[in-house]
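Next come the chains, spelled out residue by residue.
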Amino acid sequence: MLAGRQFKFRPVLTVFVVVALGILVWLGTWQLHRLAWKTDLIAKVEARVAAPPITFDEAVKRAQAGEDMEYMPVEITGIPTRAHARVFGSYEAGAGYYEFVPFQADEFGVVYVNRGFVPQGADAAEPNYNDPSEAIGLFRTAEQPTPPASWFRPVGKSVDGLWYTRDPNQFAQTAELSTIPYYVDQFAVADRQWPKGGTTRLSFNNRHLEYALTWYGLALTLVGVWLVFSLPSRKEDSADRA
């Protein structure tokens, strides 16, 4: 049916298609990178969370040497201070905040411990500010959102004083403290209701291959549409030949 029909170059349409095609291919490739990252993350978390904890000092030294220590169980002892930082978040469909308390640690200045989730309107149990306390949890690195997610994410604090990003460096700078870009997600504590520890997300949705195929499929569809519109209709073809 297309035999004898002459291809007609349409510059405006072609420019639009090239730009859109580049975006779709980039999104598909980005999803493939996310697939590799997510697969590695799932395997790493499954292998680590059940391991016995190591000291936080050891975890920091290994991280500073270039080793990936994310989600490694660690234990830390320090004296909690009152310069709390609260990070906006949700848990089990409820809104609230995560309470980060700086533990005084001579070698690192202070180390922030995420004691867990506190729902809106609930009272958080205060730590003991006079004596050393022990916290056991998962080793985490300061949150650093990357594009495109960071384009749509607020920064700094809300009007209620809640942070949007889990970044100990920002917390410490505001409180005029010295810290490192690592913190501890504390496990649940048996005799404490709020903050509720042990809320670290350890199951991850992994549909990136599906998303990548969707973007690549749209790219192929766009090429097909461009070809259809680049071939003149029978009426246009007959008029050109006349």
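No experiment lies behind these values; they were computed from the predicted model shown.

J.: I'm lost on the overall build of the protein chain in this one. Help?
T.: In terms of regular secondary structure, the protein chain is built from five helices and seven strands. What you see in the protein chain, going N to C, is helices and strands ordered as α-β-α-β-β-β-β-β-α-β-α-α. Relative to its length of 242 residues, the protein chain is extended, with a C-alpha radius of gyration of 26 Å against a globular reference of 18 Å. On the principal axes, the C-alpha backbone points of the protein chain span a range of 95 × 40 × 30 Å. When contacts within the protein chain are restricted to residue pairs at least 6 apart in sequence, long-range pairs at least 24 apart make up 67% of them. Within the structure as shown, the protein chain displays about 14,400 Å² of accessible surface, and the carbon and sulfur contribution to it stands at 58%.

J.: Where do I start with unusual backbone geometry in this structure?
T.: What is expected of a backbone is that most residues other than glycine have negative phi and most peptide bonds are trans. Following Trp194, the chain continues to Pro195 via a peptide bond in cis, the omega torsion being 0°. The backbone phi angle of Glu176 is positive, close to 60°, even though this residue is not glycine. Its place among the elements puts Glu176 in the loop between α3 (168-175) and β7 (179-186).

J.: Explain helix α2 (residues 56-64) to me, please; I cannot follow it from the model alone.
T.: Within an α-helix, residues lying three or four positions from one another point in the same direction, as the helix has 3.6 residues per turn. Buried residues of α2: Phe56, Ala59, Val60 and Ala63, and no others. In an axial view of α2, the angular spread of the buried residues amounts to 100°, which keeps them on one side of the axis. Among the structural elements, β1 (54-55), β2 (73-80), β5 (109-119), β6 (133-141) and β7 are those in contact with the buried residues of α2. A positive backbone phi angle near 105° is found at Gly66, which sits one or two residues after α2.

J.: Would you mind going over the packing of aromatic side chains with me for this structure?
T.: Within a pair of aromatic rings, the relevant descriptors are the distance that separates the centres and the angle that separates the planes. Per the stated rule, a full pass over the model turns up 10 aromatic pairs. Relative to Phe171, the ring of Tyr112 has its centre 5.4 Å away and its plane inclined at 70°; by these criteria the two rings are edge-to-face. Placement of Tyr112 in strand β5 and of Phe171 in helix α3 is noted, with a sequence separation of 59 residues between them. On the basis of relative accessible area, Tyr112 is assigned to the buried category, the value being 0%. Aromatic ring contacts, followed pair by pair, group Phe100, Tyr112, Trp163, Phe171 and Tyr183 into a single cluster. For the cation-ring pair, Arg166 lies above Tyr98, with the distance from its terminal atom to the ring centre recorded as 4.4 Å.

J.: Quick question: what am I supposed to make of the environment of Leu162 here?
T.: With respect to the helices and strands, the residue Leu162 is situated in the loop between β6 and α3. Other than its neighbours up to four places away in sequence, Leu162 contacts Arg86, Phe88, Gly96, Tyr97, Gly156 and Lys157.

J.: Before we go on, may I ask you to explain the packing of helix α1 (residues 11-48) against helix α4 (residues 208-230) in this structure?
T.: Two numbers describe a pair of packed helices, the interaxial angle and the distance between the axes. As a packed pair, α1 and α4 sit with axes 8 Å apart at the nearest point and diverge in direction by 165°. Considering their axes alone, α1 and α4 lie roughly antiparallel with respect to each other. Crossing of α1 against α4: the hand is left-handed. Taken together, the residues that form the contact of α1 with α4 break down as 20 nonpolar, five polar and two charged.

J.: Would you mind showing me how to read the pattern of salt bridges here?
T.: When the charged atoms of two side chains lie near each other, side chains of opposite charge can form a pair. Following the criterion strictly, the structure yields nine salt bridges and no others. Here Asp68 ties to Lys44 by a salt bridge, and the two come within 2.6 Å at their closest N and O atoms. One end of the pair, Asp68, is in the loop between α2 and β2; the other, Lys44, is in helix α1, with 24 residues separating them in the sequence. Exposure remark for Lys44: the relative accessible area of 16% places this residue in the buried category.

Definitions and cut-offs
- Residues numbered from 1 in each chain as written.
- Predicted model: local features only at pLDDT ≥ 70, side-chain atom pairs only at ≥ 80, totals over all residues.
- Heavy atoms only, no water.
- Helix = DSSP H or I, 4+ residues; strand = E, 2+ residues; numbered from the N terminus.
- Rg over C-alpha atoms; globule rule 2.2 N^0.38 Å.
- Contact = heavy atoms within 4.5 Å.
- Areas by Shrake-Rupley, 256 points an atom, 1.4 Å probe, with all protein chains shown as cover.
- Buried < 20%, exposed > 50% of the residue type's maximum accessible area, 1.4 Å probe, protein only.
- Arc of directions from axis to C-beta.
- Phe/Tyr/Trp six-rings, centres within 6.5 Å; stacked < 30°, edge-to-face > 60°.
- Lys NZ or Arg CZ within 6 Å of the ring centre and 35° of its normal.
- Axes fitted to C-alpha atoms, helices over the stretch in contact; angles between N-to-C directions.
- Parallel < 35°, antiparallel > 145°, perpendicular 65-115°, else oblique.
- Left-handed = near helix turned anticlockwise from the far one by under 90°.
- Nonpolar A, V, L, I, M, F, W, Y, C, P; charged D, E, K, R; others polar.
- Salt bridge = Lys/Arg side-chain N within 4 Å of Asp/Glu carboxyl O.

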